[in-house]
Amino acid sequence: MSRAGIFFDRDGVLNFNTHFPHLIEDLYLTPTLGETFSLLHNFPQLEIVVVTNQSGVERGYFNTVDVLSFEAELRKRIYDVSGYYLPPHKWYHCYSTEDSHPWRKPNPGMIEAAAKNLDIDKKRSAMFGDSWTDLEAAKKAKIQFFPVDPYKGPFLLHQVQSFLESFNKDAEQPTIH
C-alpha cells in the first residue's frame, strides 16, 4: 500500500537560503526545524523527501561533491537537533539551469520520480516550500502545498502540524501529542 509523503524544498525551508548555499560555514537551520523533525518521529508511516534545485552546479559556482557534503552536514544537524535521520536516497536534485528540464522546479519531475521510487500516494501528500517554483511544482504534481517563510512565518513546524492534523482526520491515524 502506498504511503503519504512530505516533500520539503531545501534552501529556505530546511536551511536559510544564503544565495546558492553550498559551504558548511553558510549552513544555518531554519526556525522550528528541530521541533518539526522531532514531531515527524511520531509518523513513521510518512515518507519524507527533499526536492531541491541546485543549478549552482551547472552555473559553475560549486560541484556535486559540494552539494553532497553540504547535505551530509545538514542531515547531521537535523539528527543532532531532533534524532531524525533523513537518508541520502530521499534527497532529489536538479542541477540544470534549463527551465524545460522535467526535474527543475516548477516542473514536477523530482516529485513524480520520488513518488514512483518510494511508492508515495500523492493524493495524501504535501509539498512545503518558500517559492513560487515550489508552489507550481506541487500544483503540477497534484499535491497539497504549504508555504513556509523562515524569516517572518509561517514557520515550518506550524505548517507541518496543519498538514498532520488533516492527515490524521483523513487517514484515521494516531493523533498528534
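Our structure's up above, just so we're on the same page.
Since we're looking at a predicted model, the values are computed, not measured.

Asker: Explain the nonpolar core here, please?
Answerer: Proteins that are soluble and globular tend to have nonpolar side chains buried together. Judged by nonpolar contacts, the single largest core of 30 residues is most densely connected at F8, L14, F37, L40, L46 and F128. Only β1 (5-8), α1 (33-40), β2 (47-53), α3 (64-82), β4 (126-129) and α6 (156-171) provide two or more residues apiece to this core. A per-element tally of this core places α6 first, with six residues. With 17 residues, the next largest nonpolar core counts V49, Y92, A113 and A137 among its residues.

Asker: For this particular structure, what's the right way to read the pattern of salt bridges?
Answerer: Any two side chains of opposite charge can pair, given that their charged atoms come close. Applying the stated rule across the entire model yields 12 salt bridges. For D9, the salt bridge identified is with K105, shortest N-O distance 2.8 Å. In this pair, D9 is assigned in the loop between β1 and α1 and K105 in the loop between β3 (91-94) and α4 (109-118), connecting sequence segments 96 residues apart. For D9, a relative accessible area of 6% corresponds to the buried category. Residue classification places K105 among the buried residues on the basis of a relative accessible area of 4%.

Asker: How do you make sense of the pairing of β1 when you look at a structure like this?
Answerer: Within a regular beta strand, the side chains point alternately toward one face of the sheet and then the other, so they alternate between its two faces. Along β1, one buried face is formed by G5 and F7 and the opposite face, lined by I6 and F8, is buried too. This β-α-β element, β1 to α1 to β2, shows right-handed connectivity. Pairing geometry for β1 and β4, over three bridges, is parallel. Residue pairing across strands places F8 opposite F128, the latter belonging to β4.

Asker: Got a minute to help me understand the pairing of strand β5 (residues 144-147) in this structure?
Answerer: Inspection of the sheet shows β4 paired to β5 by four bridges, in the parallel sense. Each residue of the ladder has a partner; that of A126, found in β5, is Q144.

Asker: In this structure, what is going on with the sheet that holds β4? I would like to understand it.
Answerer: Whenever strands of a sheet pair, they do so through backbone hydrogen bonds, lying parallel or antiparallel. The five strands are arranged β3-β2-β1-β4-β5 in an open sheet whose pairing can be described as parallel. Each edge of the open sheet carries a strand with a single partner, namely β3 and β5. Along the sheet, successive strands turn relative to each other by an average axial angle of 20°, direction set aside. With four bridges joining them, β1 and β2 adopt parallel strand pairing. Note that in β2 the partner of F8 across the bridge is V50. Sitting on the sheet, α3 is in contact with β2 and β3, with an inclination near 150° to β3.

Asker: Can you walk me through the side chain of K90 in this structure?
Answerer: Note on placement: K90 falls in the loop between α3 and β3. In this structure the side chain of K90 is engaged in a polar contact, spanning 2.7 Å, whose partner is the side chain of E47. For K90, the contacting residues outside a window of four places in its chain are E47, I48, V49, V50 and L118.

Asker: Explain the packing of aromatic side chains to me, please; I cannot follow it from the model alone.
Answerer: Any pair of aromatic rings gets described here by the distance separating the centres and the angle formed by the planes. In total, this model carries nine aromatic pairs according to the counting rule given. Geometrically, the ring pair formed by F8 and F37 is tilted, given 5.6 Å between the ring centres and 50° between the ring planes. Of the two residues, F8 sits in strand β1 while F37 sits in helix α1, which places them 29 residues apart along the sequence. Residues F8 and F37 agree in their burial class; the two are buried. Between F8 and F128 the ring centres are 5.6 Å apart and the planes differ by 45°, which places this aromatic pair in the tilted class. Of this pair, F8 sits in strand β1 while F128 sits in strand β4, and the two are 120 residues apart along the sequence. Here the two residues F8 and F128 agree in accessibility, since each one is buried. The rings of F8, F37, Y84, F128, F146 and F163 are connected pair by pair, giving a single aromatic cluster. Across from the ring centre of W91, 5.6 Å away, lies the NZ or CZ of R75, which sits over that ring.

Here is what the cut-offs are and how they apply
- Residues numbered from 1 in each chain as written.
- Predicted model: local features only at pLDDT ≥ 70, side-chain atom pairs only at ≥ 80, totals over all residues.
- Heavy atoms only, no water.
- Core = buried A, V, L, I, M, F, W, Y, C linked by side-chain atoms within 4.5 Å.
- Buried < 20%, exposed > 50% of the residue type's maximum accessible area, 1.4 Å probe, protein only.
- Helix = DSSP H or I, 4+ residues; strand = E, 2+ residues; numbered from the N terminus.
- Salt bridge = Lys/Arg side-chain N within 4 Å of Asp/Glu carboxyl O.
- Right-handed = clockwise from strand over helix to strand, strands pointing away.
- Pairing = 2+ DSSP bridges.
- Axes fitted to C-alpha atoms, helices over the stretch in contact; angles between N-to-C directions.
- Contact = heavy atoms within 4.5 Å.
- Polar contact = N/O pair within 3.5 Å; in protein donor to acceptor, adjacent residues only side chain to side chain.
- Phe/Tyr/Trp six-rings, centres within 6.5 Å; stacked < 30°, edge-to-face > 60°.
- Lys NZ or Arg CZ within 6 Å of the ring centre and 35° of its normal.

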